[in-house]
Every structure is written in C-alpha cells, then in structure tokens.
Amino acid sequence: MYKPYIKPVSVASPDIIVPEPHISKLVILLSRIVGGLYLFFGFGIARIVLRNGHFLFNAFQQALEGKSRCILAFRHARGEEPQFLMWFIIFKLRSFAGKAGIKFCRKPHAVIVYGYEVARWGGKFTRWVLSGLGAMPVHHTKLDSAGLSRIINTVSEGPYPLVIAPEGQVSYTTEFVPRLEQGTIRIGFQAIERLEKQDRDCPVEILPISIHYRYGSMGRRSLNKLIRKIEKYTGFKDLNAGFTARLERARNFILEQNEKRYGITPNNNQDFSGRVDTIMNAALTRAETILGIQARDSEPIVRLYRIRQICWDRIVIPGIYKLDNVTLIERALLDLGAGEAWHASRHMELVDFVWYFRVPIPAEDAPLHIKIEYAQNLWDFANRTMGGAFSNRVFNVHPKRLLIQVASPINLNERYNEYKKNKKSAVAGAAKDLENAYIDCINEAAKFI
C-alpha cells in the first residue's frame, strides 16, 4: 500500500467512477428510511405547506401521461432543497394530489441534476444512492457533451420531470435572487429542438419552485444560542445590545479579519459590499497564485468555478492519469499538488460564500425566519474565514413549517419561434421571466408568517 513520503493535508486519489443513472426499487426503499431520518434530524417535526399546489399537480399529471415535458426549476438557497424536494416528490406528492382530487397514472418520480463535485466529496454511498434515483452529474466548467446530452434526452423522452437549480449552486438566501445561470433555459429549448427533429409535438414547461422556512419558539431559542456562538468566536460578550447591533458588530469584526488576512488597507469610504469585492479579488488571486494559473475572466463566479474544478482535478486525478503507473517521486509530487489544491480551496470557499453575503442586516422588527437565515450566514462568514466549507454550516435550527411555493409554469414552446430567430434574446427573456417568477414566490411566501 502506498504511503506518502511526506503526508500533505490532502492526498491525491484515483478518479471516481459514477455508476450509470437508473431507477432502483431498493434505493427508493432505503431512501424512504434514510431520507425520513435525515429530514427528522434536519427539520424536526416541521409541517409541510404546499402553496399553489395545483401547478405542481397538473405538471406531474401531464408529464406522467406523456402530454408534456417538465423541468422543475427549484431555488437552491440553503443546500438541503434537492434532498427535501426529491423526498417530497417520491413519498408525499401523490397523497397531496389525492387530497385535491388528482390521481396520477403512475408513481411520481423525478430525475435530478447535480454538480459532479458532489460525486467526489459525497462518498460511495452517496454516489450509489444518487445513481439509483436516476440522478445525473454534470460539470460546471468542463466540456461535458455526454452529460449534457443525457440531460436533454431525459427532458425530451420523459415521462419524469427534470429537477435542476438554475442558480447553479447554493445561493445562501431565500429572500433575494442573486443570480441565475441560463443553462436550465437552454436545456429546455434544446429538448424542444430534439422533439422537433423527431416530429413530436410536445410542450416543454419550466415550473418555478421556491422553498421557505418558518419558525416557532424553538427557532427563537436556537437563534439566541447561535448569536452567542458567533460572539464567542469574535470575542464579544455584551448581551444587552440589540439584535441588529450585535450582528453588525460581529460582521464588521470578521470583515476586518479578512482584510488583515489579505493585507488590505480598509477603505472606510466603501460600504460593506465594496469591501467584500476587494476581499474576493484578493482571495481569488491568492488561490490562483497557489495553483500557478492566471485569471482568464474578471467575473468572480467564473474564476471561482475554474479554481474549484482545478482543485478537484488535483485532489481526485482524472481517469486518464493512472496512479499505478507513476514513480514514487511522481506520486509524491501529485500528493503535494493535492495539498496545495486543498489550501487554494480555503480561499475559494470564502469567495463561494461572500459573493452572496451582501444582503442587509435585518432590522429589530424583522420576521424571525429572516433573522435566523442571516445569523446562519453570519456564522458561515466566520466559518469560511477560519478555513471551513459548506459542510461546517449550521443547520440545526428546526423550522415549524416548510413552505413549498410554486409559481405558474413557463411554456418554452410559446417562445420557440423567437429562439429560432435569436437564441440569445429568447434565452435571456425566458431567464428574466423565471427570475420574476421567483420574486413573486418570495413575495407570496412573505405573506405566510
């Protein structure tokens, strides 16, 4: 067995083989048990509230009968939405629809798209479960024609809806829509193209879904505990200050620590967002320097995706490079490269979060769910500053209700003629409508306290 000559933080590993997606009855059975436990410990005894459920029922009824094709475009604001949404579709949707007098011709199911990095850090069991649920991995930055073709084929062939997050990754806020990628819209239009080539007339719809959380007295207690934890790490002990003042004080302290970390002279004429921009550029530059690469794009998210992909490719060596066929010195250098990639990832993880962490601090009279979300994110600001990652976020604030807010579907066929004339314009227009649908979801959910 190979042992590193000098063990770095992270050791290079052989490439990961993801099983071919399929639907396994055994995996579905285990998902009911494991998923139920996961949801219980993650959400407690939260009651599920489905609003505008008729849009969801009709979308599944039409799709399962082969009368339409559906893409469920969900907001990925916190991280656990894919797990919860899949569990709800497989195990709860039929009973909710039944209460509304709707019966499906077959058991509801959906096929989810996930980032290939999940297959790398998730472990064998996660890969086995995902593939057994029919989930499909896709790369963010690598050319993945096979993966993309599989996804488009899933939409065009049906009958199960495709579940995808247009935000591209976790966006860390349920109350705003920071950015949407256009991949979801393009997939829908390309599915229509494929159907047209096969001389099949079948509408393709995008159904916007947003998940929100509402808390009770237990959530309030958890919030106070979380704020005290943040203040423990930032060195503040004054419990008499108001909610907003306590969070602002801690936020500014963490911001200043990052400026010291990157040798940035604070500019008091800049607001919080401007100072964060300076930190992000410094963190990305530091990561690129460690990896020995140059920035190809000024857009922080694009730089972040590239850094993430390179880091993973140095930690998990692509399949074309057989680790068994290298000398011990070559293998040691690969391990050192993996260690450097791990360190570069610490800077990348900071940017991954703070790009989205530019929302205002809640006022004293803000709703409880907004306060809790901000406190969770403020802890994550401290967590990423200390070298943490998404796995170190705080999730154990149990909601009282889980709110699934559904918007009316977006029919892409109605825009297909425009798409054939001007693809860029049609995609941008549909993406704007999707963004507006999410904003409507947020506004509607705000009425449910």
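Refer to the structure presented above.
Small disclaimer: the values here were computed from a predicted structure and weren't measured. (Residues numbered from 1 in each chain as written. Predicted model: local features only at pLDDT ≥ 70, side-chain atom pairs only at ≥ 80, totals over all residues. Heavy atoms only, no water.)

Colleague: I keep staring at the overall build of the chain and nothing clicks. Help me out?
Modeller: Within the chain, the secondary structure is distributed over 16 helices and eight strands. Projected onto its principal axes, the C-alpha coordinates of the chain cover approximately 60 × 60 × 50 Å. Once local pairs closer than 6 in sequence are excluded, the contacts in the chain between residues at least 24 apart make up 77%. Working note: accessible area of the chain is about 21500 Å², and carbon and sulfur atoms make up 54% of it. One way to put it: in the chain the 62 positive side-chain charges average out to a point 7 Å from where the 43 negative ones average out. (Helix = DSSP H or I, 4+ residues; strand = E, 2+ residues; numbered from the N terminus. Contact = heavy atoms within 4.5 Å. Areas by Shrake-Rupley, 256 points an atom, 1.4 Å probe, with all protein chains shown as cover. Lys, Arg positive; Asp, Glu negative; His and termini not counted. Charge placed at Lys NZ, Arg CZ, Asp CG, Glu CD.)

Colleague: I would appreciate a short explanation of the pattern of salt bridges in the present structure.
Modeller: All chains considered together, the criterion is met by 23 salt bridges. Here E231 makes a salt bridge to R249, at a shortest N to O gap of 3.3 Å. Within this pair, whereas E231 is found in helix α9 (residues 217-234), its partner R249 is found in helix α10 (residues 243-261), the two being separated by 18 residues in sequence. For E231, a relative accessible area of 3% corresponds to the buried category. Take R249: its relative accessible area is 23%, and that puts it in the partly exposed class. The partner of R331 in a salt bridge is D335, with the nearest N and O atoms 3.2 Å apart. Pair noted here: R331 and D335 are both in helix α13 (residues 328-354), with a separation of four residues, about one helical turn. For the pair R331 and D335, a shared accessibility class is recorded, and that class is buried. Salt bridges linked by common partners bring R308, E349, D352, D380, R384 and R393 together as one network. (Salt bridge = Lys/Arg side-chain N within 4 Å of Asp/Glu carboxyl O. Buried < 20%, exposed > 50% of the residue type's maximum accessible area, 1.4 Å probe, protein only.)

Colleague: Please clarify how helix α16 (residues 423-446) should be interpreted in this entry.
Modeller: The periodicity of an α-helix, 3.6 residues per turn, causes residues three or four places apart in sequence to face the same way. For α16, with 24 residues, the first-to-last C-alpha span of 35 Å sits near the 34 Å given by 1.5 Å per residue. Taken as a whole, α16 has its buried residues at A426, V427, A430, A431, L434, A437, Y438, C441, I442 and A445. Looking at the buried positions of α16, the neighbouring elements they touch are β2 (69-74), α8 (183-197), β6 (204-214), β7 (401-406), β8 (410-411) and α15 (416-421). Taking the backbone nitrogen of K424 as reference, a side-chain oxygen 3.3 Å away marks N422 as the first, capping residue of α16. (Expected span 1.5 Å × (residues − 1). Polar contact = N/O pair within 3.5 Å; in protein donor to acceptor, adjacent residues only side chain to side chain.)

Colleague: How should unusual backbone geometry be read in this particular structure?
Modeller: Across residues other than glycine, the phi torsion is negative in most instances, and most of the peptide bonds are trans. Looking along the chain, the bond that leaves G158 and enters P159 is cis, with omega of -5°. Checked against the element boundaries, P159 lands in the loop between α7 (145-157) and β5 (162-164). The phi torsion at D199 lies on the positive side, around 55°, for a residue other than glycine. As for its placement among the helices and strands, D199 is situated in the loop between α8 and β6.

Colleague: Any chance you could explain the state of the cysteines here in plain terms?
Modeller: What is meant by a disulfide is a covalent connection between two cysteines, made through their sulfur atoms. By the definition in use, this model includes zero disulfides. Free cysteine: C105, not disulfide-bonded; nearest cysteine sulfur from C202 at 13 Å. Residue C441 stays outside any disulfide, its sulfur separated by 14 Å from that of C70, the closest cysteine. For C441, a relative accessible area of 2% translates into the label buried. (Disulfide = S-S within 2.5 Å.)

Keep in mind these values describe shape, not function.
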